[in-house]
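Chains, contacts and geometry: an overview
One-letter residues, chain by chain:
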Amino acid sequence: MSLPPDPVILRNAILAGPTNTFHVNGDLTPHSISSPGSDISVQKVKNLPGYKTPIFSGKDEQRLKVQAIAASKGFIPTELVPTEVKWFYSNLGVDDSYFQSETADAIADNILALYGAKLLAYVKHDPEKLVVDLEKVRDDGAVFIHTSPPGVTSKEGPGATCERRIDGWLDNSSPEKAFRLETYRSAGSISATASQQLRCYFLSKCQWVVPPTNSTGQPEQKTDIRTVSDRVFLERASENTLEIYQRVIWDVESRYGPVIEIFEVEGTLERRLVIGYKIGGTRHLFSALSELYHFYGLYSSRKYVEHFSNGITIISLYLNPMPHSQSPHIDHSILQIKKEASLLYCLPDNPFFGTKQITDTDPSLSAEILQGGGHAVQEATYAYAGWVFAQHFCNRLGPSYVALKNVLDESDPAQADVLNAIKTRFRQETFTRQSIMEVIVAYPQLIRMLYVHFAAIHYPPVNKQGLEPTLSYIRLQNETPLSDEDLYDRIRKTVSSKHELHVLESFLIFNKHVLKTNFYTPTKVAVSFRLSPAFLPESEYPKRPFGMFFVIGSEFRGFHVRFRDVARGGIRLVRSRGRENYSINQRSLFDENYALASTQDLKNKDIPEGGAKGTILPSLGANPRLCFEKYCDAMMDLLLEGVSPGIKEPIVDLCGKSELLFFGPDEGTADLMDWAALHARSRGAPWWKSFTTGKSASLLGGVPHDTYGMTSLSVRQYVLGIYKHLGIREKDVTKVQTGGPDGDLGSSECGHLCVPHGRLKASSDEILLSSDRTITVIDGSGVIHDPAGIDRNELVRLAKARKMISHFNRACLGKGGYVVLVEDQDVKLPSGEIVADGTEFRNTAHFRYKADLFVPCGGRPEAVNISNVSQMLDSELKPRYKYIVEGANLFITQQARLFLEKRKCILFKDSSANKGGVSCSSLDVLAGLSLNDDEHTNLMTFPNQPVAPPFYQSYVKDIQDKICQNASLEFSCIWKEHVRLGGTKSRTILSDELSTKINELQTELEASDLFDDIATRKAVLHQAIPQTLLAEVGWDTLLNRLPTAYQKALFSSWAASHFIYTYGINASAVNFFHFCRGLAA
């Protein structure tokens, strides 16, 4: 574990001399590194142009034409035309690229415009007010020329928006249509009396040497730069530049994040910064980099942006120090820029950096409050992270809300509705994004002090003989990190209101609870933090999580919450339909994450992994897949030890031990699990095979829930359990379900457990047909209802084809039956009722019908809540459904469940009924941990094969058997306990108590020495581990491969769950003695 650096070492290192460099002899292979463990290396290159300067042979002839055109316009006095044209061609220092690409008419117009600007400046009696703004935009490129003082980011005039506009061409480039950029500063001044220089930008559409293809080629092959380049680039780039770019391309192909290199030009103070990354990996980076090097007193003589047809972008900046600058030496500045370019890549639109103003990417914030601040990138990134953190955790409800909650009766729909409204208003109005922003901007010195407090803990150890810390420390070198108490006292005495105090206090809370972060990792794609959840108020989060992760990227924010050390849960992409919906999702993101993880923990009661969940909120217009990929990579930065100097290095880890997370599919991420597993493998994660569940079966050995009806198996056990205990014949039961024949649960409930040909089929290779009378099916496409029962054969046909009810053959409808699709309007039902809007009808359809059984297999969370649950009652105030088995997660809220059970509805909640999927995923994880790479490939994968290996088929059968067994055991336990108590306690509460009891016992067992008893351990694990896996790998090998923490979790979860299932929720210590004695027998 790395420890925080000594402040004295930090200060001494800051004042140390520049870092050593190494030479490149014919190639770019480092021959000596600045220092062991250093994350920065500077390579030397010869003082030669990186690009060949084009020579326009027709320049003199063109100049004569331009002179004639300019004279014919009559704007410039005839005697001055030759002088103005000569100055423009010879003294201004404009590159020949401009003259070669422009027409004589366009050049003449620009000369006239320049002369007009001179006249305007003369009239104002100030030559320094001379402003030039020339542009020409075409479909295949653009030219921008404007006055530009070196080393300064313009806040007004053409220079204020030019590069931001150019970002649009660069950021939206793709292999199909890309633009390259050349930009340079003119060597001469505008005129003999004005010192201004011009900045010239030339955008041109890429013309590939070889047309791009969809094929990515073989992974082991290295791309030849000459086959993926633009024709003009190949003509102009020097051999040295081609060599540099070639190696950057190879590095980008082998990594996920950016590649950042520094080159020292021999004999000069010029430094060249080269940044490579995948096209679309970030946005607005080009313009943000200008502000970065200006911040450190540098200016650029030339800049290039090249795109390549294999999907890679390279930015090259030629940087020099400003003459007579008071900024740090360029050797310090360039290293700082390299470090901070990584943070800039993550958050290029950070409003707290320098004097940047917010843009149209975030119009909800007023521009007035975003000026000033003067923060360096590291401080600004910290401020941004604290800003987002405060948005989620400043808006706590406080003691007043808790007191009100204790007075009101939440089981009463009216009172619960009032409480929810107050809660929502508190969340929205107490601490808005803008009000938090105003506080941060108002107290820049306090933010710097808070940053120093953060950095003193998390800045990686400094090598005394190597690289110095960043220049953020130089700016604050006179600041001594304050203790928590002193810093809080300073904040309290400085701010002017409690509101401001709460905002800045949240930064201190953030600092105190960050256990590790990739903030200082040399290369990254998003900023991630591992947090201790100890700051969460118990009144709002009664069950404290084991751990939290907080991730921020330029396109998203995300959380991950888990309730045990060994935990698994899905990663959900939270989509937003518009700005208002995005704001709602933004406010509720963590609460949704917490609720999903908590529910998952209840569901995971009889598997080794505790409950976990991840949520990702993409910004409006962001690419959801890119957000997911960055989220995963940033999380891996905190799970994997950094061992690559200059790329991924050790971080300060206050957790004190390695952590392992298991991800699963959820809304919007089902097709991304393969990528996450393969990315984990590419980063060297030893646990890559088990990092994600829901992987493709044939390629990566995943066990898909839908293919084998895993979730349906557990739901089905509850349905059959109700029939058995009540003596009901299934064919006499009427049923309503949400989730159609196209879904996993829906298709199985419709009567089909489908399996691809040649693979293992559920229930002895037969189609499972339920014999109930389904009267209503509600899915994404609409509603189908038939009071006599929907035609079973037609439902099975749709289930086999995985098609929605919109494909239902309406000729199969009985008398009084109908189909209403979401796009329908003004549809007349058989009863004569007019349905005005099909979508609204679909969304509320489960409140219309009456049946024996309701099985929600799909739908949004909280579809039935305390505000609308009264609609689940008929005209006689009796539940519309006698029995409810909640197959969909969180479809019914806890309060609504209790409301229905009070009215004699037999209801089994989601965390009990639909746990088959998590059981399958758990055993998928077990296989990944137990099999080595070769075994996993041979036994669990079958690419291009119609039939799975025998081991795979046998293992899937073991999984199905365990799902059915566990579901049946839990159902029986809840049913018996409900009968024993005479119905005085609801099944919903019993389900929660059962889960809690098992989880608590599991925690106690993990902390005990029972696991150390070899005989008991072996007896438990032999029953917990599928026999197919035991027979193949062997007991001793399994123990060597499974992490000890996982073994303990597996042992404890099986023992705890089976003990409670056997002896009941109120089982005694004597019962446990007998249980353990039976295991060891």
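Residues numbered from 1 in each chain as written. Predicted model: local features only at pLDDT ≥ 70, side-chain atom pairs only at ≥ 80, totals over all residues. Heavy atoms only, no water.

Focus: the overall build of the protein chain
Note the following rule: Going along the chain from the N terminus, every DSSP run of H or I of four or more residues is numbered as a helix, and every run of E of two or more is numbered as a strand. Throughout, exposure labels follow a simple rule: accessible area from a 1.4 Å probe, protein chains only, divided by the maximum for the residue type, with under 20% read as buried, over 50% as exposed, and the rest as partly exposed. Every residue pair with non-hydrogen atoms within 4.5 Å of one another is taken to be in contact. Here the open area of atoms and residues is found with the Shrake-Rupley method and a 1.4 Å probe, where only the protein chains shown may cover a residue.
A tally of helices and strands in the protein chain yields 39 helices and 26 strands. Among the 1081 residues that make up the protein chain, the fraction classed as buried is 58%. The contacts in the protein chain between residues at least 6 apart in sequence include a share of 72% that link residues at least 24 apart. When the accessible surface of the protein chain is split by element, carbon and sulfur atoms take 52% of a total near 43400 Å².

Side note on the sheet that holds strand S14 (residues 556-562)
So the rule is basically this: One requirement defines pairing of two strands: DSSP has to find at least two bridges between them. To get an axis, fit a line to the C-alpha atoms, keeping to the stretch in contact for a helix; angles then go from 0 to 180 degrees between the N-to-C directions.
The strand order across the open sheet built from seven strands is S11-S12-S13-S14-S16-S15-S17, with neighbouring strands paired in mixed fashion. Strand pairing shows two members of the sheet lacking a second neighbour, strand S11 (514-517) and strand S17 (661-665), which therefore form its edges. Shown here is a sheet whose adjacent strand axes are inclined to one another by a mean of 20°, direction ignored. In the sheet, S14 pairs with strand S16 (residues 610-618) via seven bridges, with the strands oriented antiparallel. What sits directly across from Val-561, in S16, is Lys-613.

Quick look at the pattern of salt bridges
Just so we agree on the cut-off: Definition used for salt bridges: Asp or Glu carboxyl oxygen within 4 Å of a side-chain nitrogen of Lys or Arg.
Per the counting criterion, the structure on display carries 57 salt bridges. As a salt-bridge pair, Asp-606 and Lys-915 come within 2.6 Å of each other at their nearest N and O atoms. Of the two residues, Asp-606 is situated in the loop between helix H19 (579-603) and S16 and Lys-915 in the loop between helix H30 (910-913) and helix H31 (916-930); the sequence distance between them amounts to 309 residues. Assessed through its relative accessible area of 7%, Asp-606 is described here as buried. According to the relative accessible area criterion, Lys-915 is buried, its value standing at 1%. The structure contains a network of salt bridges with shared partners spanning Lys-516, Arg-530, Arg-562, Asp-565, Asp-653, Lys-657 and Glu-659.

Focus on the packing of aromatic side chains
Heads up, the rule is: For Phe, Tyr and Trp, rings pair up if their centres lie within 6.5 Å, where Trp contributes its six-membered ring, and each pair is then called stacked (planes under 30 degrees apart), edge-to-face (over 60) or tilted (otherwise). Look at NZ for Lys and CZ for Arg. If either is within 6 Å of the ring centre and within 35 degrees of the ring normal, a charge sits over the ring.
Here the structure, examined in full by the defined rule, presents 65 aromatic pairs. Ring geometry for Tyr-382 and Phe-507: centres 5.8 Å apart, planes at 65°, overall edge-to-face. With Tyr-382 in helix H11 (residues 377-393) and Phe-507 in helix H18 (residues 498-513), the pair connects residues that are 125 residues apart, well separated along the chain. For Tyr-382, a relative accessible area of 1% corresponds to the buried category. Note that Lys-222 overlies the ring of Trp-250, its terminal NZ or CZ placed 4.5 Å from the centroid. We note Arg-987 situated over the ring of Trp-975; from NZ or CZ to the ring centre the distance is 5.0 Å.

Thoughts on the packing of helix H2 (residues 59-73) against helix H5 (residues 104-123)
In a packed pair of helices, the relevant descriptors are the angle between the two axes and the axis-to-axis distance. Our working definition: Just so you know how the angles are binned, under 35 degrees is roughly parallel, over 145 roughly antiparallel, 65 to 115 roughly perpendicular, and the rest oblique. The handedness criterion is simple: a crossing whose near helix is rotated anticlockwise from the far helix by less than a right angle is left-handed, and one whose near helix is rotated clockwise is right-handed. Residue polarity follows a fixed list, in which Ala, Val, Leu, Ile, Met, Phe, Trp, Tyr, Cys and Pro are nonpolar, Asp, Glu, Lys and Arg are charged, and the others, Gly among them, are polar.
Put simply, H2 and H5 touch, their axes get as near as 9 Å, and they point 55° apart. On the basis of their axis angle, the class for H2 and H5 is oblique. Two packed elements cross with a definite hand, and for H2 against H5 that hand is right-handed. Here H2 contributes Gln-62, Lys-65, Val-66, Ile-69, Ala-70 and Lys-73 to the contact with H5, which in turn contributes Ala-104, Asp-105, Ile-107, Ala-108, Asp-109, Ile-111 and Leu-112. Its residues assigned to classes, the contact of H2 with H5 comprises eight nonpolar, one polar and four charged.

Re helix H9 (residues 285-295)
Counting buried positions along H9 gives ten out of eleven residues, so the element sits mostly inside the fold. Among the residues of H9, those classed as buried are Leu-285, Phe-286, Ser-287, Ala-288, Leu-289, Ser-290, Glu-291, Leu-292, Tyr-293 and His-294.

Overview of the nonpolar core
Rules: To qualify as a nonpolar core, a set must consist of buried Ala, Val, Leu, Ile, Met, Phe, Trp, Tyr and Cys residues joined through side-chain atoms within 4.5 Å.
Ranked by internal contacts, the top residues of the largest apolar core, which has 210 residues, are Phe-510 and Phe-529. The residues contacting Phe-529, other than those within four sequence positions of it, are Ala-385, Phe-454, Phe-510, Val-514, Lys-516, Thr-517, Phe-519, Met-548, Phe-549, Phe-550, Ile-552 and Leu-638.

What about the side chain of Asn-110?
Counting through the fold element by element, Asn-110 comes out in helix H5. Apart from the residues within four sequence positions on either side, Asn-110 is in contact with Phe-88, Tyr-98 and Leu-134.

Observations regarding unusual backbone geometry
Backbone phi values are negative for most residues with the exception of glycine, while trans is the configuration of most peptide bonds. One non-glycine residue with positive phi stands out, namely Leu-877, at about 60°. Here Leu-877 shows up in the loop between strand S24 (851-856) and strand S25 (881-885). For Leu-877, a relative accessible area of 61% corresponds to the exposed category. Its identity as a non-glycine residue notwithstanding, Leu-890 has a phi of 55°, on the positive side. As for its placement among the helices and strands, Leu-890 is situated in the loop between S25 and helix H29 (894-902).

Points about the packing of helix H15 (residues 444-458) against H18
H18 packs onto H15 with a crossing angle of 5° between their chain directions and a minimal axis gap of 10 Å. It follows that H15 is roughly parallel to H18 by the angle criterion. Every residue of H18 that contacts H15 at Leu-446, Ile-447, Leu-450, His-453, Phe-454 and Ile-457 is listed here: Leu-504, Phe-507, Leu-508, Phe-510 and Asn-511. Within the contact of H15 with H18, the residues separate by chemical class into nine nonpolar, two polar and no charged.

A closer look at the pairing of S24
The side chains of a regular strand alternate, residue by residue, between the two faces of the sheet. Along S24, six of the six residues are buried, which leaves the element largely enclosed by surrounding structure. Two elements, strand S18 (residues 734-738) and S24, share four bridges in a ladder whose sense is parallel. Counterpart to Thr-738 in the pairing with S24 is Pro-856. Of the pairings in the sheet, the one linking S24 to S25 comprises three bridges and is parallel in character. Looking at the pairing, Phe-854 lines up with Ile-884 of S25.

Thoughts on the confidence of the model for the protein chain
Definition in use: A residue's pLDDT is simply how confident the predictor is in it, with values from 0 to 100.
Considering every residue of the protein chain, the mean pLDDT works out to 85; 86% of them sit at 70 or more. The model gives residues 1-40 a pLDDT under 50, and that stretch makes 96 contacts with residues more than four places away or in other chains. Ignoring residues within four places in sequence, the model shows residues 355-373, a span with pLDDT below 50, making 43 contacts including any to other chains.

Describing the sheet that holds strand S26 (residues 906-908)
Judged by pairing direction, the sheet is mixed, and its seven strands sit side by side in the order S21-S20-S19-S18-S24-S25-S26 without closing on themselves. Each edge of the open sheet is held by one strand with a lone partner, namely strand S21 (818-821) and S26. The sheet shows a mean angle of 15° between the axes of neighbouring strands, taken without regard to direction.

Concerning helix H34 (residues 987-1007)
Definition in use: One less than the number of residues in a helix, times 1.5 Å, gives the span that helix is expected to have.
Taking 1.5 Å as the rise per residue, H34 with 21 residues should run 30 Å; its terminal C-alpha atoms sit 30 Å apart, in good agreement. Here H34 has its buried residues at Arg-987, Thr-988, Leu-990, Ser-991, Asp-992, Leu-994, Ser-995, Ile-998, Asn-999, Leu-1001, Gln-1002 and Leu-1005.

Focus: the environment of Ile-892
Mapped onto the elements, Ile-892 comes out in the loop between S25 and H29. Measuring from C-alpha to C-alpha, the distance between Ile-892 and Lys-909 comes to 8.2 Å, with 17 residues separating the pair along the chain.

Side note on the pairing of strand S3 (residues 133-138)
Pairing analysis gives six bridges linking S3 to strand S4 (residues 141-147), with the strands arranged antiparallel. Its bridge partner being in S4, Val-137 is matched across the sheet by Ala-142. As consecutive antiparallel partners, S3 and S4 are separated by two residues.

Focus on the environment of Gln-43
In this fold, Gln-43 is placed in strand S2 (residues 42-45). A relative accessible area of 5% places Gln-43 in the buried class.

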